[in-house]
Amino acid sequence: MIYRALRHGLRLHVLMALLCASHVYAAVPQQPNFIVIVADDMGWSDIGAFGSEIRTPTIDALAESGVTMTNFYVGPTCSPTRAMLMTGVDSHLAGLGTMEGVQSENQLHSDAYLGQLRDDVVTIAEALKASGYTTLMSGKWHLAKEPNQYPSNRGFDRSFSLIEGGASHFSDAAPLYRIDKASYLEDGRRVKLPADFYSSKAYTDKMLGYLAELDAQTPFFAYVAYTAPHDPLQVPDDWLDKYAGVYDEGPAALRAMRAHKLTKRKLIPRGSEVWTPPTFPKFLPTYIKPWSMMDELERETSSKPMEIYAAMVEYMDEQIQRLIDDLARSGRLENTFIVFLSDNGANGATPLSYPGNTRDWYLNEYAQSLDQQGRRGSHSYLGREWAAVSASPFKLYKGAIAEGGIRSPLIVRGPSLGKNTISKQVSHITDLTATLYALAGIDTEASAVFADKIRPEGRSLLENWRDPKKEVSRTFATELFGHGAVVSDRWKATNMRPPLGTGKWELYDLNHDPSEVHNIAAENPEKLNELIDFYRGYQRRVGVIPPNPAISVSLGDLFTSECNWYCQTVTDIVDFIIALWVRFSVSQE
C-alpha cells in the first residue's frame, strides 16, 4: 500500500507540472518547441504505463497527458534508427544501411553502407534551423566517422555528444569495443569528463544549460539521446539496490506478469501467446538452468543485471522530470511537444558480439565479481532471458526484424493533442520526422534546404495524434544484416536468415498474433506474395545489398564465462554447422 501510494504521488506531481505550467514569459512563439527524448536499447514493455514493474512516473504522466502509440516501429539497432529520425528517410538512403564496423565486403563500395550520414540528406536540425529554430542536442550521436558529420556540422547550434555507439556511463569513458574509443565532444571540440560524470544526469545537465541560454521568442528543437539503459549496465552506488528482490521469481514469471498487465490494459489482444527465448541442451556452454533448479547465488547472479537495468530506466525517468520541471518554470511547457521513444528493443546479446571483443579481453578488462556489478569498471549486460522480459510478449530483441527488435513505445504530449489516449495507428520512425516538419510549418517539397537532396518519405501523424480514431493504411519495409520485413497494417511478412530464422518468407497477423509464433503463410499465399513484391521494390529503391559473405552468429558470443578446450571444441563444431546452414540458405535466395 505504501509503494502504491508513493507511486501515485509521484505521478500526481508529474501531472501537476505538465498541466499547471506557470506563465513566466508574456509572448509565446507561434512555432511550437520540440523535445525528442530517445532511450537506448529499452524494451517495449519496460515502462509503467505498459504495466512494467519498473517505476517510470514521469513517462507514465506523459502518457496520461498525451497520446501513446502502440504500433510504432523503429530500426533493429541504434544507428539506423537515429539516421531515420534525423533525416526522415530510410536508413540506407541516409548512409546507415548497416552499422559502422559490420559492413560486409560487398557493401563497402555503396553509399547506402557508409556507416555515417550521407551529404545528400538533410537533418531535421538543419531544416528547423533554417526555419528560425535554435537546435540543441545532448547525448549519443552514433552517426559520424568523420568530423563533417558531427552534430555541430549537421545543424545543431549547441551539442554535447558521445560520437560512438556507447561507453561506460562514468567518467572513465571505457569504450564498448576493444578496438574503439569513446569520444565526447561539445560543439565539435573534444572535452574531458568531470570526475562525477554519470551519463543520464550529465546529458540532462547540459540540455538544461542550453535551454537556459535561450531567449523567450525563439522556438527550439532539443534532442536528448540518453545512453540508458544500453550496456554496460551501470548506476550510481546509491541506486544499486533500488530493485533488490524485485526479480527473484525469475524471467519466465516476469514475462507472464507483464503480458497479463498488457492484456488488462488492452495493449495486446486477449489470449496472445508470450514468445519464449530458445533453450539449449546441457552439453552446450550456452545452457541456462531452469530457474527452479538454480541455487540462491545463481539466481542472484542472474537477476542482478536486470535490477541494474531497471534502476537505469528509473534514473533516466527522473532526469526527464527535471527537463519538464524546467519547461514549466520557464513558461515554455504549454507550447512544447515532448516525444519519448526507444531506438530499438532490449539487447539480448553479450559484449562478445561487439567488433573486436574477445573472451580473454572481456574477462580481464572488467570486474567480474557479483558485488562489483553495476559499478565503474564493470560491464554487466541483460542476456537473452531478461531481454525477453523487456520485450514481452514479443519475439527476439535488438538486432532482429521481429517485433521485439523493431517495435517501440512512442509517447507524445503537446498543444491541441488528446489526453490519456491510445493510438493503434501503424507508423514508422520516418513518420515522426514528417510530423515534426508539419508542426513547424515546413514544406519539404518547397523548402530550398531540400533542393537537390533526398526528401523525407514519412507521413505526418498529426491528425492521428489529435484524433487516434483517424487511422490510415500504412505499409513500409525494413532490412538489416540480410534480414527483411514488411509491415502492412495488420500483416507482417518476415525473412530472417539462419540461425534467427529459416531463410524463408513467413507471414503473421499481428492483430491476433503480435508475438509472431503462428506462421500463416501457407493459408494466405496471395497476401504473402503481395508483401514480398513490395519488399523487392523497396530493395531496389533504397539500394539494399544483402551481405556477402553472410553475417553469421558464433555460439561463443552468447556467453561470457570461461571456455576450456572441450567448450571451445563444441563451440567450433556448432559454429561450423551454423556457417554451412547460413551459406546454404543464402544460396537459395
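Each chain carries its own residue numbering, running from 1 in the written order of its sequence. Reporting of local features is limited, given that this is a predicted model, to residues whose pLDDT is at least 70; pairs of side-chain atoms are given and counted only at 80 or more, and all residues count toward the totals for whole chains, interfaces and linings. Working from all heavy atoms in the structure, the side-chain values ignore hydrogens and water.

Draft legend 1. Quick look at a negative patch on the surface. In this analysis, a patch consists of residues with relative accessible area above 30% that form no salt bridge, clustered at 9 Å for like charges and at 5 Å for the nonpolar side chains Val, Leu, Ile, Met, Phe, Trp and Tyr. Residue burial considers only the protein chains on display, and all accessible areas are found by Shrake-Rupley using a 1.4 Å probe. The term salt bridge refers to a pairing of a side-chain nitrogen on Lys or Arg with a carboxyl oxygen on Asp or Glu at a separation within 4 Å. Charged-residue counts in this description rest on Lys and Arg as positive and Asp and Glu as negative, His and the chain ends being excluded. Working definition for charges: the position is that of NZ of Lys, CZ of Arg, CG of Asp or CD of Glu. Together, Asp-248, Glu-249, Asp-295, Glu-296 and Glu-300 line one region of the surface with negative charge. One can find Glu-249 in the loop between strand 7 (220–225) and helix 7 (251–264). Overall, Glu-249 belongs to the exposed group, its relative accessible area being 60%. Numbering goes from the N terminus for both helices and strands, where a helix is a DSSP run of H or I of at least four residues and a strand is a run of E of at least two. Summary of the burial criterion: residues with accessible area below 20% of their type's maximum are buried, those above 50% are exposed, and those between are partly exposed, where the area comes from a 1.4 Å probe applied to protein chains only.

Draft legend 2. Examining the packing of helix 8 (residues 296–330) against helix 10 (residues 383–391) more closely. Packing of helix 8 against helix 10 leaves a shortest axis separation of 9 Å and a crossing angle of 40°. Between helix 8 and helix 10, the angle falls in the class oblique. Here helix 8 and helix 10 pass one another in a crossing that is right-handed. Contacts between helix 8 and helix 10 pair Ser-302, Ser-303, Met-306 and Tyr-309 from the former with Trp-386, Val-389 and Ser-390 from the latter. Just so you know the grouping, Ala, Val, Leu, Ile, Met, Phe, Trp, Tyr, Cys and Pro go in nonpolar, Asp, Glu, Lys and Arg go in charged, and all remaining residues, Gly too, go in polar. Among the residues forming the contact of helix 8 with helix 10, the class breakdown is four nonpolar, three polar and no charged. Note on method: axes are straight lines fitted to C-alpha atoms, helices fitted across the in-contact stretch only, with angles between N-to-C directions ranging 0 to 180 degrees. Any angle that falls under 35 degrees is termed roughly parallel, while one over 145 is termed roughly antiparallel, one within 65 to 115 roughly perpendicular, and all others oblique. Each crossing gets its handedness from the near helix: less than a right angle anticlockwise from the far helix is left-handed, clockwise is right-handed. Contacts: residue pairs with any heavy atoms within 4.5 Å of one another.

Draft legend 3. How the structure looks around helix 12 (residues 429–440). Between the first and last C-alpha of helix 12 there are 17 Å, a value that for twelve residues agrees with the 16 Å anticipated at 1.5 Å per step. The buried fraction of helix 12 is high, at eleven of twelve residues. Turning to helix 12, its buried residues are Ile-429, Thr-430, Asp-431, Leu-432, Thr-433, Ala-434, Thr-435, Leu-436, Tyr-437, Leu-439 and Ala-440. Immediately beyond the C-terminal end of helix 12, within one or two residues, lies Gly-441, with a positive phi of roughly 75°. Any helix carries an expected span of 1.5 Å times its number of residues minus one.

Draft legend 4. Up close: the environment of Glu-164. Counting through the fold element by element, Glu-164 comes out in the loop between strand 4 (158–162) and strand 5 (184–186). Residues Glu-164 and Asp-509, 345 residues apart in the sequence, show an inter-C-alpha distance of 37 Å. Polar contacts, as used here, are pairs of N or O atoms within 3.5 Å; protein pairs need one atom able to donate a hydrogen and one able to accept it. Residues neighboring in sequence count only if both atoms are side-chain atoms. Looking at Glu-164, its side chain comes within polar contact range of the main-chain nitrogen of Ser-183, at 2.5 Å.

Draft legend 5. Representation of the environment of Asn-71. Residue placement: Asn-71 occurs in strand 2 (residues 67–73). Residues Asn-71 and Arg-490 lie 419 residues apart in sequence; the distance between their C-alpha atoms is 9.8 Å. In this structure, Asn-71 is in contact with Arg-407, Ser-423, Lys-424, Gln-425, Val-426 and Ser-427, ignoring residues within four places of it in sequence. Here Arg-407 takes part through its side chain, which lies 2.8 Å from a polar atom of the side chain of Asn-71.

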